[in-house]
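Here's the letter readout for the chains.
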Amino acid sequence: MPNTAPQRHTKTVSELRAVALSMTGLLEDGELLTGTPTVVEVDTSDLTLSSKAVNTDTMLVNAETCVAGQVVTFLVAGGVAGTTYRIKVTVGTNGSPAQTFVVSLSLRVVSD
């Protein structure tokens, strides 16, 4: 069973929403995320998920400062108003041994 992110994201139907998912709680000391994450909608194909990446600069996520290599970022477009979507994020690490994290998050789409 995947980890579930505590954040609850919301967007309107016409909005392009940037999502930043911190993985600091899963990473070991000195470990960083690597490669391009896989980000997929679980139940439908209503959403367009793009620009999937691991952060390359320090950024603030949920009032926490995250250094490069600790956050998965992506863009979300589309959706049907009144629907809550499940999104699954899979990303690897440079740990020894390397790990693969699978995290689910919810995104609610509301009308404009």
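Starting from 1, residues in each chain are numbered consecutively following that chain's sequence as written. This being a predicted model, a pLDDT of at least 70 is required before a residue's local features are given, and a value of 80 or more before pairs of side-chain atoms are given or counted; all residues contribute to the totals for chains, interfaces and linings. Side-chain measures were taken over the full set of non-hydrogen atoms in the model, leaving aside hydrogen atoms and water.

(A) Quick look at the overall build of the chain. A run of DSSP states H or I qualifies as a helix once it reaches four residues; a run of E qualifies as a strand once it reaches two. Both are numbered from the N-terminal end. The helix and strand tally for the chain stands at 0 helices and 9 strands. Its helices and strands taken in sequence order, the chain reads β-β-β-β-β-β-β-β-β from the N to the C terminus. Taken over the C-alpha atoms alone, the chain extends approximately 45 × 25 × 20 Å along its principal axes. By definition in these notes, contact holds between two residues if any of their heavy atoms fall within 4.5 Å. Pairs at least 24 apart in sequence give 67% of the contacts found in the chain among residues at least 6 apart. For the area figures, the Shrake-Rupley method with a 1.4 Å probe applies, and any residue is considered shielded solely by the protein chains shown. Accessible surface, the chain as shown: approximately 6,000 Å² in total, 50% of it carbon and sulfur. Counting rule applied: Lys, Arg positive; Asp, Glu negative; His and chain ends not counted. Where a charge lies is defined by one atom per residue type, namely NZ (Lys), CZ (Arg), CG (Asp) and CD (Glu). Looking at charge distribution, the chain has the averaged site of its 7 positive side-chain charges lying 9 Å from that of its 10 negative ones.

(B) Representation of the sheet that holds strand β7 (residues 71-78) within the structure. One bridge is not enough; two strands pair if DSSP finds at least two bridges between them. The strand order β2-β7-β4 describes an open sheet built from 3 strands, whose pairing is antiparallel. A single partner strand is all that each edge strand has here, and the edge strands are β2 (17-22) and β4 (47-54). The sheet shows a mean angle of 25 degrees between the axes of neighbouring strands, direction not considered. In the sheet, β2 pairs with β7 via 6 bridges, with the strands oriented antiparallel. Paired with R17 across the bridge in β7 is V76. Simply put, an axis is a line fit to the C-alpha atoms, just over the touching stretch for a helix, and the angle between two N-to-C directions goes from 0 to 180 degrees.

(C) Examining unusual backbone geometry more closely. P97 follows S96 through a cis peptide bond whose omega is 5 degrees. One can find P97 in the loop between β8 (83-93) and β9 (100-110). Of note, the phi angle at N62 is positive, near 50 degrees, even though the residue is not glycine. Examined against the element boundaries, N62 turns out to sit in the loop between β5 (59-61) and β6 (64-66).

(D) Up close: the environment of V67. Looking at where V67 falls in the secondary structure, it is placed in the loop between β6 and β7. The sequence separation of V67 and T12 amounts to 55 residues, and the corresponding C-alpha distance is 29 Å.

(E) Expanded view of the nonpolar core. As used in this record, nonpolar core signifies buried Ala, Val, Leu, Ile, Met, Phe, Trp, Tyr and Cys residues forming a set joined through side-chain atoms within 4.5 Å. The classification of residues rests on relative accessible area computed with a 1.4 Å probe and restricted to protein chains. Under 20% of the type maximum is buried, over 50% is exposed, and intermediate values are partly exposed. With 21 residues, the main nonpolar core has M23, F74, I87 and V89 as its most contacted residues. Breaking this core down by element, the ones donating at least two residues are β2, β3 (33-41), β4, β7, β8 and β9. Considering each element in turn, this core owes the most residues, 5 residues, to β9. M23 has contacts with L33, Q70, V72, V89, V91 and V103, leaving out every residue within four places of it along the chain.

(F) Broad picture of the side chain of Q70. You can see Q70 is positioned in the loop between β6 and β7. Separated by 2.9 Å, the side chain of Q70 and the backbone nitrogen of V67 make a polar contact. When residues no more than four places from it in sequence are discounted, the contact partners of Q70 are L21, S22, M23, T24, L27, L32, L33 and N55. Distance and chemistry together define a polar contact, namely a pair of N or O atoms within 3.5 Å, with one atom able to donate a hydrogen and the other to accept it when in protein, and with adjacent residues in sequence counting only for side-chain atoms on both sides.

Any functional reading would require information beyond the geometric quantities listed.
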